[in-house]
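Close look at the chain arrangement
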Amino acid sequence: MNIGVISLGCAKNQVDTQTMLGYLKSAGHAFTAEPSEADILIVNTCGFITSAKEESIDAIFEMAQYKKIGRCRLLVVTGCLSERYRKELTEEMPEVDIFLGVREYEKLPRLIAEKLSLPCSPIIQPERLLVTPPYRAYLRIGDGCNNRCAYCAIPLIRGNLNSVPMERLIDEAKSLADLGVTELSVIAQDTSGYGKDLYGEPRMIPLLKGLNRIDGLKWVRLLYTYPDTVTPELLDTLAEGEKLVPYLDMPLQHCNDDLLRKMHRRGSKAHIMHVLDYIRNHYPDFTLRTTMMVGFPGETDAQFHELMQFLRDYPFDRVGAFSFSPEEGTAAAEMPDQIEEEQKEARLNALMEQQQQISLSLNEHWIGRELEMLVEETGMDGTYGRTMREAPDADGTVCIPPSYRHEPGQYLRIRITQADPYDMIGESL
């Protein structure tokens, strides 16, 4: 059977999709990128915030049309939205033949076989089927989260922290390197808390040191760290590892202590400043990324201006920002003093306008400096890629003028010549 897959949401969901594809390939299925040519269509959904739910529902209805205008015989919905709202979706979407949650992908070949009266042999857990470019991959080191942030629905969907044993992760990373992966991005809901459930304490540092020793890997990037488990020792490890990228992704959400407590965020503004001061004093070339939320219930003008000042005092290279969305079942959805949408939007726009100037200034700091660039695409107008300063699927790109054709996955030595708030231009050396 030809299977078409729509994968929505974050990189962690992308890994789930790849796991699912591994099971389906082992069962003898083929894949197509054209929904009109698929016998089976699968939508792996996101259910994190309202806009993601809406995108998932739109994708389901769009794929359902191919039961009428294409050759689709089976429509499958998996992932976070299906995990959280399976009963409701089953009642409201008769077009869907199979609903599966976030930890049921191994069931899919059998369920497909039963629905379509196909033979299905027992399947030993296969390797995931990479759908990222062959030179890069995500390594998901755990699922779920023990942090009970008041605004977040992830624990309601994926449960408590469930770390993958370190030996399995090292073996998986070696297998990916053997397949030609040179850039590995380490992900989870809370990466710096990795291992607390298995080993009684965070074990991110030993894991990073193990990954740093794997032949074939060139860049290992750590994403989604939680502030109170980012320590000087962790930062030293990132800075000193030959293959570890000096890039810290540390979502903060806010800096005001009262709001952090209301959000049920561990740590404090003082700790965050301590981490950032340590980086500033010891590793000024670290690339810093964060995520900020505006419009959390009760956020005052003074608290918002405190956040704006904090971002001026402690500039981040990359900032992703979003306005608070009251998610069903979360504590914050029921809090008093909800902020009007118009005010949330105004604050978000003001923050991002300020951040554009900050990002531009920090990018301009790199003009004239030499960096290594990973080639991702070559066209008539130039060669595009990323340096260690740009995370895949999240940050900007670097472009160098066209010369001879560079192959995706190739590493080049370049010099930065121009910069804007998101992207940079360089020249090959």
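Treat the numbers as computed from the prediction; the structure is a model and nothing was measured. The written sequence of each chain sets the order in which its residues are numbered from 1. Restriction of local features to residues with pLDDT of at least 70 applies here, the model being predicted, together with a cutoff of 80 or more for giving and counting side-chain atom pairs; totals for whole chains, interfaces and linings are based on all residues. With hydrogens and water excluded, all non-hydrogen atoms of the structure serve as input to the side-chain values.

1. Quick word on helix 7 (residues 166-178)
Compared with an ideal rise of 1.5 Å per residue, which puts 13 residues at 18 Å, helix 7 spans 18 Å between its outermost C-alpha atoms and is within 8% of the ideal. Type-normalised accessible area, obtained with a 1.4 Å probe on protein chains alone, sets the label of each residue: buried when under 20%, exposed when over 50%, and partly exposed for intermediate values. What counts as a helix is a DSSP run of H or I of at least four residues, what counts as a strand is a run of E of at least two, and both are numbered from the N terminus. Of the residues making up helix 7, those classed as buried are M166, L169, I170, A173, L176 and A177. One side of helix 7 holds all its buried residues, which, seen down the axis, span an arc of 125°. Relative to its buried face, helix 7 has exposed residues pointing more than 90 degrees away, namely E167, R168 and D178. Any helix carries an expected span of 1.5 Å times its number of residues minus one. Think of the arc as the fan of directions from the helix axis to the C-beta atoms.

2. Notes on the sheet that holds strand 13 (residues 318-323)
Two strands pair if DSSP finds at least two bridges between them. Sheet architecture is open: six strands sit in the order 6-9-10-11-12-13, paired in parallel fashion. At either end of the open sheet lies a strand with only one pairing partner, and these are strand 6 (136-140) and strand 13. Recorded for the sheet is a direction-independent mean angle of 20° between the axes of neighbouring strands. The pairing of strand 10 (residues 219-222) with strand 11 (residues 244-249) spans two bridges and is parallel. Looking across to strand 11, one finds that L222 is bridged to L248. A contact between two residues is defined here by any heavy atoms of the two lying within 4.5 Å. Each axis is a line fitted through C-alpha atoms, and for a helix only the stretch in contact is used; angles between axes span 0 to 180 degrees, taken between their N-to-C directions. Running at roughly 170° to strand 6, helix 7 makes contact with strand 6 and strand 9 (183-187) of the sheet. Relative to the sheet, helix 14 (residues 341-364) contacts strand 12 (287-294) and strand 13, its axis offset from that of strand 13 by approximately 175°.

3. Here's the deal with the packing of aromatic side chains
Stacked, tilted and edge-to-face pairs are distinguished by plane angle, under 30 degrees for stacked and over 60 for edge-to-face with tilted covering the rest, among Phe, Tyr and Trp rings (Trp via its six-membered ring) whose centres lie within 6.5 Å. Tallying each qualifying case throughout the model produces seven aromatic pairs. Each member of the aromatic cluster is reached from another via a ring pair, and the members are Y151, F296 and F324. We note K12 situated over the ring of Y224; from NZ or CZ to the ring centre the distance is 3.7 Å. The criterion for a charge sitting over a ring is simple: Lys NZ or Arg CZ within 6 Å of the ring centre, and within 35 degrees of the ring normal. Note that R369 overlies the ring of W366, its terminal NZ or CZ placed 4.1 Å from the centroid.

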